Amino acid sequence: MPAYLGIPGALFPVECEAATVEAETTYSFDTTLEGKRKGQYRKGRPRTWSVDMGLSSSEETADVRALDAGEYGPGPFLWISEEAQATNALLPEVATCGPAAAFGSTITVAGALTLPGVGVAGRSLFNSNPALVMDFGTVKSPVIPGQQFTASAWLVGAGAKITLRWYDAAGTLLAGTVTSAGSGVGSVATRLSVTGTAPASAALCLLRATGATRAARPALTWSAGLAAWAPGGGCAAAVVSKLENSPVILGAARSHSGVTFTITEVG
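In this text, all values refer to a predicted model and were calculated from it rather than measured experimentally.

1. Side note on the overall build of the protein chain
Part 1: A count of helical and extended segments in the protein chain gives three helices and 21 strands.
Part 2: For the protein chain, the spread of C-alpha atoms along the principal axes amounts to about 70 × 65 × 35 Å.
Part 3: The buried share among the 267 residues of the protein chain stands at 40%.
Part 4: Once local pairs closer than 6 in sequence are excluded, the contacts in the protein chain between residues at least 24 apart make up 72%.
Part 5: Accessible surface computed for the protein chain: about 12,600 Å², of which carbon and sulfur atoms make up 54%.

Encoded structure:
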């Protein structure tokens, strides 16, 4: 499974031998003259990925090197790591129902929600009017046409459903929306899911809940099956830097090299 890098509608695969991710620390610390230590909370935690493509052919590294050379413009770019595809491709704040997930006049960030058989989600979304839809944020997640994707969320609400909607690179809604069965209940959180295949012109998708009063832990995986929930690993804005190309095998018709680079989340 490769990672993907690029712009909506023009993602290309990146075969990674190794890709480590590091997020900035949650707190910055300072010590007063009296010797007391204070911690200041940082709301945002931008991430950095160190990517090693290993020994690769010139064809395998061409797109990354072209992006680094400016072929796609200055960015920022979409970055979907292998881990995000397998666990949760939503943005971290959306997956944990932070402020970025609360979109709409009837949607607010709420407190903890019990997830039967799993535990407790520390944060959830509340919909004061379940007759209105609940979109999980406004930032659409990238998709690959022809591939299967699974959307899920814990929902409270009689007949609540989870929906996966497709969009082209310009953000225009496409046909082919898929919706789960309306199996939500009125007083208990239930994990609902739906799987769909991205249409030929699809570049982006968005998760939506209908008939729900509460929601927690939404997820999107690049798979046909439901996976255990994990915090979101999606990245909607990143730049590429520190690209190093180390030729190790050169031939008249084909060359190989070791390519490493850094993905830095911005915005």
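2. So, the sheet that holds strand β8 (residues 107–110)
Part 1: Read from one edge of the open sheet, five strands run β8-β11-β19-β14-β17, paired in antiparallel fashion. If you trace the sheet from one side to the other, it starts and ends with β8 and β17 (190–197), each paired once. Shown here is a sheet whose adjacent strand axes are inclined to one another by a mean of 30°, direction ignored.
Part 2: Here two bridges tie strand β11 (residues 124–127) to strand β19 (residues 214–221), and the two strands are oriented antiparallel to one another. Bridge pairing links Leu 125 to Ala 215 in β19.

3. Thoughts on the environment of Arg 65
Part 1: Note that Arg 65 resides in helix α1 (residues 58–68).
Part 2: With 59 residues separating them in the primary sequence, Arg 65 and Ser 124 have C-alpha atoms 41 Å apart.
Part 3: The contacts of Arg 65, once residues within four sequence positions are left out, are Leu 243 and Asn 245.

Cut-offs and rules
- Residues numbered from 1 in each chain as written.
- Predicted model: local features only at pLDDT ≥ 70, side-chain atom pairs only at ≥ 80, totals over all residues.
- Heavy atoms only, no water.
- Helix = DSSP H or I, 4+ residues; strand = E, 2+ residues; numbered from the N terminus.
- Buried < 20%, exposed > 50% of the residue type's maximum accessible area, 1.4 Å probe, protein only.
- Contact = heavy atoms within 4.5 Å.
- Areas by Shrake-Rupley, 256 points an atom, 1.4 Å probe, with all protein chains shown as cover.
- Pairing = 2+ DSSP bridges.
- Axes fitted to C-alpha atoms, helices over the stretch in contact; angles between N-to-C directions.

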